[in-house]
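Remarks on the overall topology
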Amino acid sequence: MSNKKETQRMDGIILEALPSTTFKVRLENGKEILAHLAGKLRVYRIKVLPGDKVTVELPYPDANRGRIVYRKK
């Protein structure tokens, strides 16, 4: 048993950039969620723009909010 929270990672596409590093993301299953940038993306100032493919971490499968952890090339 681990102390880490179980999360699910899904791929998606950025639809819209909102204030304070929040983005509207369409997941591969068609669901739209709000997601914010993870710490390393902020620290290294990785630019994320509408149309970019990203990996989002969700706390549980039916979550409406998530965290962008990776920007794909």
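Structural notes, computed from the coordinates. (Residues numbered from 1 in each chain as written. Predicted model: local features only at pLDDT ≥ 70, side-chain atom pairs only at ≥ 80, totals over all residues. Heavy atoms only, no water.)

**As for the sheet that holds strand β3 (residues 32–37)**
Rules: At least two bridges found by DSSP between two strands are what make those strands a pair. Helix and strand assignments follow DSSP, with helices taken as H or I runs no shorter than four residues and strands as E runs no shorter than two, numbered in order from the N terminus. The convention used is that axes are lines fitted to C-alpha atoms, helices contributing only their stretch in contact, and that angles between N-to-C directions extend from 0 to 180 degrees.
One closed barrel holds the 5 strands; their spatial order is β1-β2-β3-β5-β4, and the pairing between them is mixed. Sheet twist, expressed as the mean angle between neighbouring strand axes with direction ignored, is 55°. Bridge count for strand β4 (residues 53–58) against strand β5 (residues 65–71) is 4 bridges, and the pairing is antiparallel. Across the sheet, the residue bridging to Val 56 is Ile 68, located in β5.

**A closer look at the pattern of salt bridges**
The condition that has to hold: For this analysis, a salt bridge means a side-chain nitrogen from Lys or Arg found within 4 Å of a carboxyl oxygen belonging to Asp or Glu. The buried label applies to any residue whose accessible area, calculated with a 1.4 Å probe on protein chains only, is under 20% of its type's maximum; exposed applies above 50%, and partly exposed to all values in between.
Scanning all chains against the criterion turns up 6 salt bridges. Its salt-bridge partner being Lys 24, residue Glu 16 comes within 4.0 Å of it at the nearest N-O pair. Note on Lys 24: relative accessible area 29%, which makes it partly exposed. The shortest N-O distance in the salt bridge between Glu 32 and Arg 26 comes to 2.9 Å.

**A short note on a nonpolar patch on the surface**
Stated precisely, the cut-off is as follows: Patches in this entry comprise residues that are over 30% relatively accessible and not in a salt bridge; like charges within 9 Å are linked, as are nonpolar side chains (Val, Leu, Ile, Met, Phe, Trp, Tyr) within 5 Å. Only the protein chains shown count as cover for residues, and the accessible areas themselves come from Shrake-Rupley with a 1.4 Å probe.
Residues Val 43, Tyr 44 and Ile 46 make up a contiguous nonpolar surface patch of roughly 330 Å² in combined accessible area. Position of Ile 46 relative to the elements: it lies in the loop between α1 (39–43) and β4.

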